[in-house]
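Residue strings, one per chain:
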Amino acid sequence: MGATIKDVARVASVSIATVSRILNNQPGYSEETKRKVMKAIKELGYQPNAVARGLINKKTQTIGVLFPDISSMLSSAILGGIEEVTHEHGNSVIVCHTAAQGNKTMKYIQLLREKRVDAILWVSEAMREEYYEVLLDMNIPVVLISTESNRFQFPYVKVSDKSASFSATEYMIKNGHQKIGMISGPKEDLISGFPRYEGYKLALHEYGIEMKEERVVFSNGFDYDAGKESFKKLINHSPEITGVVVASDEMAMGAIVAAYRLGIDVPDDLSIIGYDNLKLAEMAVPPLTTVAQPLHELGQTGAEMLFKMIETGEKARNIILPHSIIERDSVRPL
């Protein structure tokens, strides 16, 4: 049988209450007492019972994180930032892959409720009324990362998709391109799809360039296959374009491969700019010029907002993080 908290208290010559305070980072003991208790814990190999501690302080020290696509490079970069901050606070993470499906998402929310997580980070997925009602009823802090909701007022941290897409299009224009196409995300996606399309349109308008709808293809997602298929449609409709603004790096990779198979050289025949700055972008051939989202920082910031809400009980303020253009070799000046 393993060591108990009573054994730790006996070896350290302190009360059980003192050991409990030290384990739960509560005040009321000296550094010397803490040193003795930690030494006893190490010698005895004592493992605190998380369930028992949760019953005492009503905290499980567990955070739930919901992603629509856990396999993507974007998700893994954000998760890295989340885990860094979460572990600094002595907490654990339960990661749920919703696949952006209503039934699956609701099941995971219910699972996190049963696990009595202390808070939830909601990443890159639109908030629906059915989700909101359950999350509100759970009465725990919720922070949105890389998404937002005007209707359901959870605090969020993200990049301005419209502004970032404007910058990508402006970069093409400043490199001499006038005939610019776009491979967009889904038009009905009001979080990332439509705002990036709006940024593209706004840049063309502000620089006095005619907007032609046939130069835009709305894909059914943001992945490699969507980019590959969308590029073929775009080049068939608008073979005159000299540059393409693509709504994600994964789609941009699909577009580069599709261009290669059609005998179109990037960037000599056609320039392409992506969005996200995934690790994949610098591994591409040619290395992809792209709009950088600070993905790791998005995860860090969202987790920091969450823990501040846990500690203070106050709602966090929304945060917009800056984007930037990462210049590589996929855009050629004209």
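Note: the structure precedes this text.
What comes next is a walk through the structure. Quick caveat: nothing in here was measured; it's all calculated off a predicted structure. (Residues numbered from 1 in each chain as written. Predicted model: local features only at pLDDT ≥ 70, side-chain atom pairs only at ≥ 80, totals over all residues. Heavy atoms only, no water.)

What to know about the pairing of strand β6 (residues 180-184)
Rules: Buried residues are those whose accessible area, probed at 1.4 Å on protein chains only, stays under 20% of the maximum for their type, while exposed residues exceed 50% and partly exposed ones sit between those limits. Starting at the N terminus, helices and strands are each numbered in turn, a helix being any DSSP run of H or I of at least four residues and a strand any DSSP run of E of at least two. Strands are labelled as partners when DSSP assigns at least two bridges between them. Crossovers are marked right-handed if the path from the first strand over the helix to the second runs clockwise, as seen with the strands pointing away from the viewer.
By the criterion of burial, β6 is predominantly enclosed, with five of the five residues buried. Taking every second residue as pointing to the same face, both faces of β6 are buried, with Ile180, Met182 and Ser184 on one and Gly181 and Ile183 on the other. As judged from the four bridges shared by β6 and strand β8 (residues 243-246), these two strands associate in the parallel manner. Of the residues in β8, the one forming a bridge with Met182 is Val245. Relative to strand β7 (residues 216-218), β6 runs parallel, the two sharing three bridges. Note on β7: the bridge partner recorded for Met182 is Val216. Handedness of the crossover joining β6 and β7 through helix α9 (residues 193-206): right-handed.

Some words on the nonpolar core
As a rule of thumb, nonpolar side chains are buried together in soluble globular proteins. In plain terms, the rule: To form a nonpolar core, buried Ala, Val, Leu, Ile, Met, Phe, Trp, Tyr and Cys residues must be joined to one another through side-chain atoms within 4.5 Å. In what follows, a contact means two residues having at least one pair of non-hydrogen atoms within 4.5 Å.
By size, the foremost hydrophobic cluster in this structure holds 45 residues, and its most contacted members are Val65, Ile78, Ile82, Leu121 and Ile145. Take this core: its biggest share by element is seven residues, from helix α13 (residues 295-312). Discounting chain neighbours no more than four positions away, the residues touching Ile78 are Phe67, Val123, Ile145, Ser146, Leu295 and Gly299. Listed in part, the 24 residues of the second largest apolar core include Val217, Ala258, Ala281 and Ala284.

What to know about the packing of helix α1 (residues 5-12) against helix α3 (residues 31-44)
Rules: Simply put, an axis is a line fit to the C-alpha atoms, just over the touching stretch for a helix, and the angle between two N-to-C directions goes from 0 to 180 degrees. Orientation categories follow fixed angle ranges, with anything under 35 degrees roughly parallel, anything over 145 roughly antiparallel, 65 to 115 roughly perpendicular, and all other angles oblique. With the far helix as reference, a near helix turned anticlockwise by less than a right angle produces a left-handed crossing, and one turned clockwise produces a right-handed crossing. The nonpolar class holds Ala, Val, Leu, Ile, Met, Phe, Trp, Tyr, Cys and Pro. Asp, Glu, Lys and Arg form the charged class, and all remaining residues, Gly among them, are polar.
Between α1 and α3, whose axes approach to 9 Å, the crossing angle comes to 125 degrees. In terms of their interaxial angle, α1 and α3 are classed as oblique. In this structure, α1 crosses over α3, and the sense of that crossing is right-handed. Facing Asp7, Val8, Val11 and Ala12 of α1, the residues of α3 in contact are Lys36, Val37, Ala40, Ile41, Glu43 and Leu44. Residues that form the contact of α1 with α3 fall into these classes: seven nonpolar, no polar and three charged.

Some thoughts on the environment of Ile320
Here Ile320 is to be found in strand β11 (residues 319-321). Since its relative accessible area comes to 48%, Ile320 is described here as partly exposed. With 93 residues separating them along the chain, Ile320 and Gly227 place their C-alpha atoms 27 Å apart. Ile320 has contacts with Tyr156, Lys158, Val159 and Ser160, leaving out every residue within four places of it along the chain.

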